[in-house]
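Given next are the chains, with one letter for each unit.
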Amino acid sequence: KVVMHGGAAFAAFCARVEASVARAQARVALAAHASALAGVLARLREVTRKLWSLGDVVLTLANASVYLEAFGHITVAWIWLEQALAAHGRDGDFYDGKRSATDYFMRWELPKVHLQLDLLESCERTPLDIRAACF
């Protein structure tokens, strides 16, 4: 669906994430998280372009689960960044919790996306090369 209508929905998603990144980069406490998210979003764009430029829908969709998981992690990272922006400058356990959860996700979960994007970028064929007789 990311390529439907010339990729309009994907472009709209990227623009919204980039707007959050720009707001977060203006906050010293969030700048590193913003940069991390910007980096994986840029890689997702590159990998998406590469996969669809192959012209092989079967190969492109062979690793759809990995793509969706990576996209999902990026989306959740964006939501946490938005939460941290909303909590910025506010005191209390609730806001401290938002900041801590954002720190955790950005440091422990978001880096996993790079491995998934590496796999996708390699155009791995294993799911397609397994012979039916092996099942």
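Whatever comes next refers back to the structure up there.
Here's a quick rundown of the structure. (Residues numbered from 1 in each chain as written. Predicted model: local features only at pLDDT ≥ 70, side-chain atom pairs only at ≥ 80, totals over all residues. Heavy atoms only, no water.)

1. Side note on the nonpolar core
For clarity, the cut-off: Residue types Ala, Val, Leu, Ile, Met, Phe, Trp, Tyr and Cys, when buried and joined through side-chain atoms within 4.5 Å, form a set referred to as a nonpolar core. Each residue gets one of three labels from its accessible area relative to the maximum for its type: buried under 20%, exposed over 50%, partly exposed in between, using a 1.4 Å probe on protein chains only. By the criteria applied, helices consist of DSSP H or I runs no shorter than four residues and strands consist of E runs no shorter than two, each listed in order from the N terminus. Throughout, a residue-residue contact means that at least one pair of heavy atoms, one from each residue, lies within 4.5 Å.
In this structure, Leu37, Tyr67 and Ile74 are the most contacted members of the largest nonpolar core, which totals 32 residues. Here the element with the most residues in this core is helix α4 (residues 64-87); it accounts for 9 residues. Residues within four places of Ile74 in sequence aside, it is in contact with Leu37, Val40, Leu41, Leu44, Leu110 and Val113.

2. Topic: the packing of helix α2 (residues 31-53) against α4
Convention followed: Axis definition: a line fitted to C-alpha atoms, over the contacting stretch in the case of helices. Angles run 0 to 180 degrees between N-to-C directions. Oblique is the label for any angle not covered by the other classes, which are roughly parallel (under 35 degrees), roughly antiparallel (over 145) and roughly perpendicular (65 to 115). Helix crossings fall into two classes, left-handed where the near helix is turned counterclockwise from the far one by less than a right angle and right-handed where it is turned clockwise.
Where α2 contacts α4, the two axes come as close as 10 Å, and the packing angle between them is 150°. Classified by the interaxial angle, the pair formed by α2 and α4 is roughly antiparallel. Like other packed secondary-structure pairs, α2 and α4 cross with a definite hand, here left-handed. Two secondary-structure elements touch here, α2 through His33, Ala34, Leu37, Val40, Leu41, Leu44, Thr48 and Leu51 and α4 through Tyr67, Phe71, Ile74, Ala77, Trp78 and Leu81.

3. Some remarks on helix α1 (residues 8-25)
Residues spaced three or four apart along an α-helix point in a common direction, a consequence of the helix completing one turn every 3.6 residues. Formally: Expected helix span is computed as 1.5 Å times (number of residues minus one).
With 18 residues, α1 ought to run about 26 Å at 1.5 Å a step, and its terminal C-alpha atoms sit 25 Å apart, in line with that. For α1, the secondary structure elements touched by its buried residues are α2 and α4.

4. Observations concerning helix α5 (residues 93-109)
Across its 17 residues, α5 extends 23 Å between first and last C-alpha, which sits within 8% of the 24 Å expected from 1.5 Å per residue. Packed against the buried residues of α5 are α2, α4 and α6 (112-121).

5. Observations regarding unusual backbone geometry
Positioned with a positive phi, His5 is a non-glycine residue whose angle comes to about 55°. With respect to the helices and strands, His5 occurs in the segment before α1. With a phi angle near 55°, Cys123 is a residue other than glycine that sits in the positive phi range. With respect to the helices and strands, the residue Cys123 is situated in the loop between α6 and α7 (126-129).

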